[in-house]
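Each chain, letter by letter, is given below.
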Amino acid sequence: MTAAAGALLLKMVIAAFSGMGAATVCHPLDVVRVQMQTEGSTYSGFTDAITGIYKKDGVKDGLYAGVSAAYLRQWLYGSCRIGIYAALLENAQNANVLAGLEKNAISLPSKMLMGLTSGGIGSFIGTPSELAMVRMGNDKKLPIEQRRNYKGVGDALSTIAKDEGLPALFTGAPATVLRACLLSACAMGITSEIKMKLSTSGYLGDDGKLYGGVPLLFIATLISSLCANTVANPFDVVKSRMQNQAIGKDGSKQYSSMVDCFLQTVGNEGVFKLWSGFVPAFLKLAPYTVISLLLTDKITRIITGKDAL
């Protein structure tokens, strides 16, 4: 039991550091995604948004606003999403070996269930960091008198807890968890499945090791990211809006629930608004997944001598 817990902890720590590396590269796309999804967005598209944010607020206060929350998110959410998934996959592989079956004889639905489980656990734990990241990333878009001006992720979390109460740290949790379940089910499960199929095809070298396995992982994550964003983007929009909404002096909110936010968004702006920010979300998820999984795989190989996924 102790050995299993230690192995899981190691996987989660590796996943967290790998996620921080990916977040460092991809965070500007998260800022663009949030600002395109929330109310008051006047950007005509991805290019207009990223150039507008850069011209208005620069790199540090614009494109990298809220990066400290993104790093915390990797320790709370990313560590669970990848670490728990890797542990569940390894347990299933070991069970197959003990049963005399082929090690990787694991169905796609089983892998997607593992991704759903790890993503759901991680997203609930990481909701406070997600909330801080959304608010900090969107703050510069608000009128000056409405800005929250958090000094960092610690200030954001403590201010929210003090001014709005501890439960407010989990604002948008249902949408956050549903989004993460769908996203992780596709991103983790489909990535593993495609990686296994392509590695045995011979098209990408012996066991998919052409150029260190980077092309294999890139193709697998590109396909899985497209699937993941397509099904999860509506929940991403709802999550961003609920977490960014201002609280009135009387405690009133624009949205009373996830369903209310969904209905208001569709009713006021049309159903396609649920896929706003799709391009930056996809452009972020694909390289983010490649970098985080590649780092996870390489670090795991160095430390344990085994594949991570």
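Here's a quick rundown of the structure.

What counts, and where the lines are drawn
Residues numbered from 1 in each chain as written. Predicted model: local features only at pLDDT ≥ 70, side-chain atom pairs only at ≥ 80, totals over all residues. Heavy atoms only, no water. Helix = DSSP H or I, 4+ residues; strand = E, 2+ residues; numbered from the N terminus. Rg over C-alpha atoms; globule rule 2.2 N^0.38 Å. Buried < 20%, exposed > 50% of the residue type's maximum accessible area, 1.4 Å probe, protein only. Contact = heavy atoms within 4.5 Å. Areas by Shrake-Rupley, 256 points an atom, 1.4 Å probe, with all protein chains shown as cover. Lys, Arg positive; Asp, Glu negative; His and termini not counted. Charge placed at Lys NZ, Arg CZ, Asp CG, Glu CD. 1 Å grid on protein atoms, 1.4 Å probe; cavity = no way out; pocket = protein on both sides within 12 Å on 5 of 7 lines; lining within 4 Å. Points joined across faces, edges and corners; volume = space filled by probe spheres on them. Nonpolar A, V, L, I, M, F, W, Y, C, P; charged D, E, K, R; others polar.

This brings us to the overall build of the chain. Helix and strand content of the chain: ten helices and zero strands. Helices (α) and strands (β) of the chain occur, in sequence order from the N terminus, as α-α-α-α-α-α-α-α-α-α. Over its C-alpha atoms the chain spans a radius of gyration of 20 Å, differing by no more than 12% from the 19 Å that the globule rule assigns to 309 residues. Overall, the C-alpha framework of the chain stretches about 65 × 40 × 35 Å when taken along its three principal axes. Counting all 309 residues of the chain, 49% fall into the buried class. For the chain, contacts bridging at least 24 residues in sequence account for 77% of all contacts bridging at least 6. Surface summary for the chain: the accessible area is close to 14000 Å², and the carbon and sulfur share equals 67%. Seen as two clouds, the 29 positive and the 22 negative side-chain charges of the chain have centres 2 Å apart.

Tallying each qualifying case throughout the model produces four cavities of 30 Å³ or more. Within this model, the largest cavity holds a volume of roughly 100 Å³. Arg 73, Arg 179, Leu 183, Lys 284 and Leu 285 are, among the 13 residues lining the largest cavity, the residues nearest its centre. Mapped onto the lining of the largest cavity, the elements with two or more residues apiece are helix 1 (2–37), helix 4 (67–98), helix 7 (173–199), helix 8 (214–244) and helix 10 (278–304). If you tally residues by element for the lining of the largest cavity, the top one is helix 10, at four residues. Considered class by class, the residues forming the lining of the largest cavity number five nonpolar, one polar and seven charged. Volume-wise, the second largest cavity comes out at about 50 Å³. Looking at the lining of the second largest cavity, the elements with two or more residues in it are helix 1, helix 4 and helix 10.

All quantities given are derived from atomic positions and should not be read as evidence of function.
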